[in-house]
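Residues per chain are reported as follows:
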Amino acid sequence: DAMVIQNPRYQVTQFGKPVTLSCSQTLNHNVMYWYQQKSSQAPKLLFHYYDKDFNNEADTPDNFQSRRPNTSFCFLDIRSPGLGDAAMYLCATSSYGYTFGSGTRLTVV
Amino acid sequence: GENVEQHPSTLSVQEGDSAVIKCTYSDSASNYFPWYKQELGKGPQLIIDIRSNVGEKKDQRIAVTLNKTAKHFSLHITETQPEDSAVYFCAASYGTSGSARQLTFGSGTQLTVLP
């Protein structure tokens, strides 16, 4: 029944080694979002896609990129992860309301 | 832009008591106000939401009230249970069905229900 699926649940990557997180949805929503959530903080929007139209938040570092090859899938690429990028990464979709995935916990070693 | 303030940051209640969490927002154009429950290590789960054309909404033990004039909305949980313990986030956004909408979150409330 999971409608927004994130893989993997836990990801460990080395400092500076590119990493990709994935998200898929079965809701056929045209908007998909990526949020970063650090410990004890609220989620922070990184960017979103409206269909294929990419919208970057002004303060999202260039180190973060995204791809959306089709309606169902969206990827978050971190080109050179630093220790400060360790966080929970949340994917969400919306039609009117929002639906979040379970998140990927990224650890940088 | 929108700014959402949430209080309190921590809340402890005895099992069976009620819990109330309050949020204020700044943008009068905001028209959608969801509440999320987040358990440790998991993504936010929508527990209830309210739209600006409604003043109150109830779902079993959970209710949300909205005062558009004062720009505040509140979450009420009655007959609390230990499994209600989690971080609760309020949020506000503007948009129409099918459009992209950015959620502005409150800072979160750690609710602890003591058995």
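K.L.:
What's the story with the pattern of salt bridges in this structure? I'm lost.
P.N.:
Between side chains of opposite charge, a pair can form when the charged atoms approach closely. Residues and elements named next belong to chain B. Here the structure, examined in full by the defined rule, presents six salt bridges over all chains. With a closest N to O distance of 2.9 Å, Arg 61 and Asp 84 form a salt bridge. Of this pair, Arg 61 sits in the loop between strand E6 (56–59) and strand E7 (62–67) while Asp 84 sits in the loop between strand E8 (72–77) and strand E9 (86–92), placing them 23 residues apart in sequence.

K.L.:
Would you mind showing me how to read the nonpolar core here?
P.N.:
Proteins that are soluble and globular tend to have nonpolar side chains buried together. Counting residues in each nonpolar core, the largest one holds 24 residues, and the members touching the most others are Trp 35, Phe 73, Leu 75, Tyr 88 and Leu 111 of chain B. If we ignore the near neighbours within four places in the chain, the residues touching Leu 75 of chain B are Ala 19, Val 20, Ile 21, Trp 35, Ile 47, Ile 48, Ile 62, Ala 63 and Tyr 88 of chain B. Met 32, Phe 47, Tyr 49 and Leu 76 of chain A belong to the second largest nonpolar core, which has 18 residues in total.

K.L.:
What is the right way to read the interface of chain B and chain A from this model?
P.N.:
Interfaces are frequently sized by the accessible area removed from exposure as the parts join. Listed as interface residues are 22 residues of chain B and, on the opposing side, 23 residues of chain A. With both chains or domains summed, chain B and chain A bury close to 1700 Å², and 54% of this area falls on carbon and sulfur atoms. Applying the counting rule to chain B against chain A returns zero salt bridges. Scanning the region where chain B abuts chain A turns up three residue pairs in polar contact (both at pLDDT 80 or more). Taken together, the elements giving at least two residues each to the side of chain B that touches chain A come down to strand E4 (32–38) and strand E5 (45–51) of chain B.

K.L.:
Just checking my understanding: could you explain the sheet that holds strand E1 (residues 4–7) of chain A for this structure?
P.N.:
Two strands in a sheet stick together by hydrogen bonds in their backbones, pointing the same way (parallel) or opposite ways (antiparallel). Residue and element names in this part refer to chain A. Here four strands make up an open sheet; going across it, the order is E1-E3-E8-E7 and the pairing antiparallel. Among the strands making up the open sheet, the edge pair consists of E1 and strand E7 (64–67). The sheet shows a mean angle of 20 degrees between the axes of neighbouring strands, taken without regard to direction.

K.L.:
Looking at this model, I keep getting lost on the state of the cysteines. Mind explaining?
P.N.:
In a disulfide, the sulfur atoms of two cysteines are held together by a covalent bond. Per the counting criterion, the structure on display carries two disulfides over all chains. A disulfide bridge connects Cys 23 of chain A with Cys 91 of chain A, and the sulfur atoms are separated by 2.0 Å. When the S-S torsion is -70 degrees, as for the bridge of Cys 23 of chain A with Cys 91 of chain A, the disulfide is left-handed. In this pair, Cys 23 of chain A sits in strand E3 (residues 19–25) while Cys 91 of chain A sits in strand E9 (residues 87–94), placing the two residues 68 residues apart along the sequence. Here Cys 23 of chain A matches Cys 91 of chain A in class, with each residue buried. Linked covalently through their sulfurs, Cys 23 of chain B and Cys 90 of chain B form a disulfide whose S-S length is 2.0 Å. Disulfide Cys 23 of chain B-Cys 90 of chain B: the torsion about the S-S bond is -100 degrees, which places it as left-handed. Here Cys 23 of chain B, found in strand E3 (residues 19–25), pairs with Cys 90 of chain B, found in strand E9; they are 67 residues apart in sequence, far enough to count as distant. With a relative accessible area of 0%, Cys 90 of chain B lands in the buried category. With no disulfide of its own, Cys 74 of chain A lies 6.0 Å from the sulfur of Cys 91 of chain A, the closest cysteine sulfur. Of the residues examined, Cys 74 of chain A reaches a relative accessible area of 1% and is grouped as buried.

K.L.:
Is there a simple way to explain the sheet that holds strand E1 (residues 4–7) of chain B in this structure?
P.N.:
Residues and elements named next belong to chain B. As summarised here, the arrangement of the five strands in space is E1-E3-E8-E7-E6, forming an open sheet in which the pairing is antiparallel. Edge strands, defined here as strands with exactly one partner in the open sheet, are E1 and E6. Neighbouring strand axes in the sheet, compared pairwise and without regard to direction, differ in orientation by 15 degrees on average. Pairing analysis gives four bridges linking E6 to E7, with the strands arranged antiparallel. Bridge pairing in E7 places Lys 58 opposite Ala 63.

K.L.:
Got a minute to help me understand the side chain of Thr 104 of chain B in this structure?
P.N.:
Locating Thr 104 of chain B in the fold gives a position in strand E10 (residues 104–105). Setting aside residues up to four positions removed in sequence, Thr 104 of chain B forms contacts with Glu 2, Asn 3, Val 4, Cys 90, Ala 91 and Ala 92 of chain B.

Conventions and cut-offs
- Residues numbered from 1 in each chain as written.
- Chains lettered and ligands numbered in written order.
- Predicted model: local features only at pLDDT ≥ 70, side-chain atom pairs only at ≥ 80, totals over all residues.
- Heavy atoms only, no water.
- Salt bridge = Lys/Arg side-chain N within 4 Å of Asp/Glu carboxyl O.
- Helix = DSSP H or I, 4+ residues; strand = E, 2+ residues; numbered from the N terminus.
- Core = buried A, V, L, I, M, F, W, Y, C linked by side-chain atoms within 4.5 Å.
- Buried < 20%, exposed > 50% of the residue type's maximum accessible area, 1.4 Å probe, protein only.
- Contact = heavy atoms within 4.5 Å.
- Buried area = accessible area lost by both parts, 1.4 Å probe.
- Polar contact = N/O pair within 3.5 Å; in protein donor to acceptor, adjacent residues only side chain to side chain.
- Pairing = 2+ DSSP bridges.
- Axes fitted to C-alpha atoms, helices over the stretch in contact; angles between N-to-C directions.
- Disulfide = S-S within 2.5 Å.

As far as function goes, none of this settles anything; it's purely spatial.
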